[in-house]
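Here's the letter readout for the chains.
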Amino acid sequence: MNLTYTPEEEEFRARLREWLAKALPALPPKPSPDDWPGRRAYDLGWQRMLHDAGYADVQWDASPTVRLIFLEETEKAGAPYVGANFVGLLHAGPTIAAEGTAAQRARWLPPILRGEEVWCQGFSEPDAGSDLAALRTRARRDGDDYVVSGSKIWTSHAEVADWCELLVRTDPEAPKHRGISWLAMPMDAPGITVRPLRTLAGSAEFAEVFLDEVRVPVANRVGDENDGWRVTMVTLSFERGTAFVGEVVACRRVLRELAGEARENGRWDDPALRRRLGRLNAEFRALWRLTQWNVSEAEATGGVPGVGGSVFKLRYSHARQELYDAAADVLGPTSLDLDRPWMLDRLSSLSYTIAAGTSQIQRNIVGERILGLPKGR
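Parameters and conventions
Residues numbered from 1 in each chain as written. Predicted model: local features only at pLDDT ≥ 70, side-chain atom pairs only at ≥ 80, totals over all residues. Heavy atoms only, no water. Helix = DSSP H or I, 4+ residues; strand = E, 2+ residues; numbered from the N terminus. Expected span 1.5 Å × (residues − 1). Bend = angle between axes of the 7 residues up to and from the residue. Buried < 20%, exposed > 50% of the residue type's maximum accessible area, 1.4 Å probe, protein only. Salt bridge = Lys/Arg side-chain N within 4 Å of Asp/Glu carboxyl O. Axes fitted to C-alpha atoms, helices over the stretch in contact; angles between N-to-C directions. Parallel < 35°, antiparallel > 145°, perpendicular 65-115°, else oblique. Left-handed = near helix turned anticlockwise from the far one by under 90°. Contact = heavy atoms within 4.5 Å. Nonpolar A, V, L, I, M, F, W, Y, C, P; charged D, E, K, R; others polar. Phe/Tyr/Trp six-rings, centres within 6.5 Å; stacked < 30°, edge-to-face > 60°. Pairing = 2+ DSSP bridges. Core = buried A, V, L, I, M, F, W, Y, C linked by side-chain atoms within 4.5 Å.

*Asks:* I'd like a description of helix H4 (residues 86-99), backed by residues and values.
*Replies:* With 14 residues, H4 should cover 20 Å at 1.5 Å per step; its first-to-last C-alpha distance of 19 Å lies within 8% of that length. The largest bend in H4 is about 40°, located at Ala92, with the proline Pro94 one to four residues further on. Burial runs high along H4: 11 of the 14 residues are buried. Listing the buried residues of H4 in full gives Phe86, Val87, Gly88, Leu89, Leu90, His91, Ala92, Gly93, Pro94, Thr95 and Ile96.

*Asks:* Requested: an account of unusual backbone geometry, with residues and values cited.
*Replies:* Positive phi, close to 55°, is recorded for Trp154, a residue that is not glycine. Here Trp154 lies in the loop between strand E3 (145-152) and strand E4 (163-169). Exposure remark for Trp154: the relative accessible area of 47% places this residue in the partly exposed category. We note that Glu213 has phi near 55°; this positive angle belongs to a residue other than glycine. Along the chain, Glu213 turns up in strand E7 (residues 206-217). A relative accessible area of 45% means that Glu213 is categorised as partly exposed.

*Asks:* Describe the pattern of salt bridges, listing the residues and the values that go with them.
*Replies:* One pass over the full model with this rule turns up 28 salt bridges. Linking Asp52 and Arg48 is a salt bridge whose minimum nitrogen-to-oxygen distance equals 3.2 Å. Here Arg48 and Asp52 lie together in helix H2 (residues 36-52), a separation of four residues that amounts to about one turn. Of the residues examined, Arg48 reaches a relative accessible area of 34% and is grouped as partly exposed. A salt bridge links Arg215 to Asp142, with the shortest nitrogen-to-oxygen separation between them at 2.8 Å. Taken together, the residues Arg215 in strand E7 and Asp142 in strand E2 (residues 138-142) connect sequence positions 73 residues apart. Since its relative accessible area comes to 34%, Asp142 is described here as partly exposed.

*Asks:* Hey, could you go over the packing of helix H1 (residues 7-23) against helix H3 (residues 64-76) for me, with residue numbers and the actual values?
*Replies:* Viewed as axis vectors pointing N to C, H1 and H3 meet at an angle of 30°, and their least axial separation amounts to 10 Å. The orientation of H1 relative to H3 falls into the category roughly parallel. H3 is crossed by H1, and the crossing has right-handed handedness. Across the interface between the two elements, Glu9, Phe12, Arg13, Leu16, Arg17 and Leu20 of H1 pack against Thr65, Val66, Ile69, Phe70, Glu72, Glu73 and Thr74 of H3. Residues of the contact of H1 with H3, tallied by class, amount to six nonpolar, two polar and five charged.

*Asks:* Can you tell me about the packing of aromatic side chains, naming the residues and giving the values?
*Replies:* In this structure the tally under the stated criterion is eight aromatic pairs. With centroids separated by 5.9 Å and ring planes inclined at 70°, the aromatic side chains of Phe12 and Tyr55 adopt a geometry described as edge-to-face. Here Phe12, found in helix H1, pairs with Tyr55, found in the loop between H2 and H3; they are 43 residues apart in sequence, far enough to count as distant. Both residues of the pair, Phe12 and Tyr55, belong to the buried class. With a centroid separation of 6.0 Å and an interplanar angle of 85°, the aromatic rings of Trp108 and Trp119 are classed as edge-to-face. Within this pair, whereas Trp108 is found in helix H5 (residues 102-113), its partner Trp119 is found in strand E1 (residues 119-122), the two being separated by 11 residues in sequence.

*Asks:* Residues and numbers for the pairing of E3, please.
*Replies:* Alignment of E2 against E3, held across five bridges, turns out to be antiparallel. Each residue of the ladder has a partner; that of Arg141, found in E3, is Tyr146. The turn joining E2 and E3, which pair antiparallel and follow one another in sequence, is formed by two residues; a positive phi near 65° is taken by Gly143. Bridge analysis of E3 against E7 gives seven bridges, and the strand direction is antiparallel. Paired with Val147 across the two strands is Arg215, which belongs to E7.

*Asks:* So what about the nonpolar core? Which residues, and what values?
*Replies:* Leu89, Ile96, Trp119, Leu167 and Trp182 are the most contacted members of the largest nonpolar core, which has 27 residues in total. Mapped onto this core, the elements with two or more residues apiece are H4, H5, E4, strand E5 (180-186) and helix H6 (228-241). For this core, the element with the highest residue contribution is H4, accounting for six residues. Contacts of Leu167, omitting those with residues within four sequence positions, involve Gly122, Phe123, Leu132, Leu135, Thr137, Lys152, Ile180, Ser181, Trp182 and Thr232.

Structure, rendered in structure tokens:
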């Protein structure tokens with residue numbers, strides 16, 4: 001695999017850096033973490049700036065390597081994260097680009113890129129746990145519509161979303177992986193109830209979603225009926241393969257800041273802490289090289305990340321938790337103050353071994369699809 005950058009790619013990096021240096025000072029103040037309508041407007045405004053500057057289509061139309069450069073440079077510059085645009089830009093959008101019809105791509109992709117519409121993810125269900133294919137939300141065909149009933153949980157940004165990437169069971173008699181379809185559901189359709197969920201960190205970016213006879217046009221199905229599991233694997237490959245790229249860069253920045261804090265407060269004199277930070281530095285350097293490898297592989301195989309994303313996601317989830325545990329060690333007793341740097345991130349890091357596929361599920365994928373081990377009974 002080629003892990004180096006071409007002159008053209010380095011030229012793109014230089015142009016992007018120059019634009020970021022001019023654009024970031026013009027941003028308005030960031031809204032409160034609890035102000036989700038305000039955060040939606042802020043995130044959409046940033047996406048519109050990217051669109052007007054010609055960078056919005058980097059997410060899908062550029063090569064995986066250029067996308068990697070884009071995510072790396074925006075994070076290094078301290079640019080806003082995708083925020084409320086997360087599902088649309090990094091999950092639903094790439095899936096529709098890869099699996100949707102021409103009409104579907106024309107309808108949904110431009111509004112995402114222009115910063116006009118927000119998507120949420122309706123995958124997880126209260127009774128399914130980590131077994132996503134055990135979903136029970138039903139979609140009954142009625143003419144040109146599906147009539148959907150059921151519930152979803154941990155639905156990212158549902159309270160401010162315009163659309164939902166929704167997994168439903170369209171054939172309850174089929175084996176559980178074969179009776180699923182992937183739908184784009186308008187969030188203003190009658191029969192949808194959204195109840196925000198407050199996390200340990202005090203934010204409410206997740207919600208429960210209840211669906212009572214919601215009508216979704218058949219034309220909103222991405223992929224064939226009952227072929228939704230395959231389409232879902234495309235979505236999850238993006239979620240685990242490239243969606244965390246910017247966060248690896250952020251973790252490396254936090255690690256440098258932690259080392260600086262330790263030098264200032266005297267904790268650097270502890271050799272055990274220095275070894276811990278040194279090991280984390282090696283860990284994140286290795287994760288960055290793995291990211292480059294995964295992106296290079298995706299570039300060689302049509303742009304969709306492979307199962308290597310599960311290796312990355314598995315190790316990154318634990319490394320992130322270890323990083324913020326080290327932050328608490330550096331800060332000492334003051335780490336109990338949630339107003340101190342990194343402490344809210346420490347709380348959110350606890351979810352990473354569950355979100356986007358639990359570590360247990362990732363180990364199964366690695367064992368079965370990479371190592372060729374037999375499936376568990």
